[in-house]
Amino acid sequence: MRSLKLGLAAAAAFCALSATAQADCVKVGAVGEAVTHDIAELFSTHGLANIIYGQGRVGKGPVHTKCEDGSGTTTCHSTQTACKVTTPKTCLGAWLCFPA
């Protein structure tokens, strides 16, 4: 009985720590639009990385990118879960961030 209580207490503590660690994680997204598919995908994925960096976060898990071809351009949407690790950086838009 004592080992059951100890096991339940350990499981509760693990769940509480997991919930705390997940509390500062958010889903971040970026959009890239260009004449070609490759450039639009490059804009969305690199813009996403810079936005995450600028927010003082680090990407967690895979980057999901979905592209749609329009009449003259391609638009790509990239998303990734990102967790807080440092203070936000100074950025000018999604492409120019200054190191802290």
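For the structure itself, consult the block above.
Residues numbered from 1 in each chain as written. Predicted model: local features only at pLDDT ≥ 70, side-chain atom pairs only at ≥ 80, totals over all residues. Heavy atoms only, no water.

K.L.:
Mind showing me how you'd approach a nonpolar patch on the surface here?
P.N.:
A cluster of nonpolar side chains, namely I39, L42 and F43, defines an oily patch on the protein surface of about 240 Å² accessible area. Locating I39 in the fold gives a position in helix α2 (residues 37–54). Look at I39 and you get partly exposed, because its relative accessible area is 38%. (Patch = residues over 30% accessible without salt bridge, like charges linked within 9 Å, V, L, I, M, F, W, Y side chains within 5 Å. Areas by Shrake-Rupley, 256 points an atom, 1.4 Å probe, with all protein chains shown as cover. Salt bridge = Lys/Arg side-chain N within 4 Å of Asp/Glu carboxyl O. Helix = DSSP H or I, 4+ residues; strand = E, 2+ residues; numbered from the N terminus. Buried < 20%, exposed > 50% of the residue type's maximum accessible area, 1.4 Å probe, protein only.)

K.L.:
Would you explain the state of the cysteines in this entry?
P.N.:
The bond known as a disulfide is covalent and runs between the sulfur atoms of two cysteines. Taken as a whole and judged by the stated rule, the model has two disulfides. Here C25 engages in a disulfide with C83; their sulfurs sit 1.9 Å apart. Its S-S torsion of approximately 100° makes the covalent link between C25 and C83 right-handed. Here C25, found in strand β1 (residues 25–34), pairs with C83, found in strand β3 (residues 74–84); they are 58 residues apart in sequence, far enough to count as distant. On the basis of relative accessible area, C83 is assigned to the buried category, the value being 12%. What pairs with C67 in a disulfide is C76, and their sulfur atoms sit 2.0 Å apart. In this structure, the disulfide formed by C67 and C76 twists by about 110° around the S-S bond and is classed as right-handed. We classify C76 as buried; its relative accessible area is 0%. (Disulfide = S-S within 2.5 Å.)

K.L.:
What am I meant to see in the nonpolar core here?
P.N.:
Soluble globular proteins tend to pack their nonpolar side chains together in the buried interior. Counting five residues, the largest nonpolar core consists of V28, A30, L48, I52 and A82. Only β1 and α2 provide two or more residues apiece to this core. Beyond its immediate sequence surroundings of up to four residues, L48 is in contact with V28, G29, A30, V63, S78, T79 and Q80. (Core = buried A, V, L, I, M, F, W, Y, C linked by side-chain atoms within 4.5 Å. Contact = heavy atoms within 4.5 Å.)

K.L.:
It is not clear to me how α2 should be interpreted in this structure. Could you clarify?
P.N.:
Think of an α-helix as 3.6 residues a turn; residues three or four steps apart then line up on the same face. An ideal rise of 1.5 Å per residue puts 26 Å on 18 residues; α2 measures up with 26 Å between its terminal C-alpha atoms. Along α2, the residues that are buried comprise A40, S44, G47, L48, I52 and G54. Along α2, the residues classed as buried sweep out an arc of 160° about the axis, all on the same side. Directly beyond the C-terminal end of α2, a positive phi value near 75° is found at G56. (Expected span 1.5 Å × (residues − 1). Arc of directions from axis to C-beta.)

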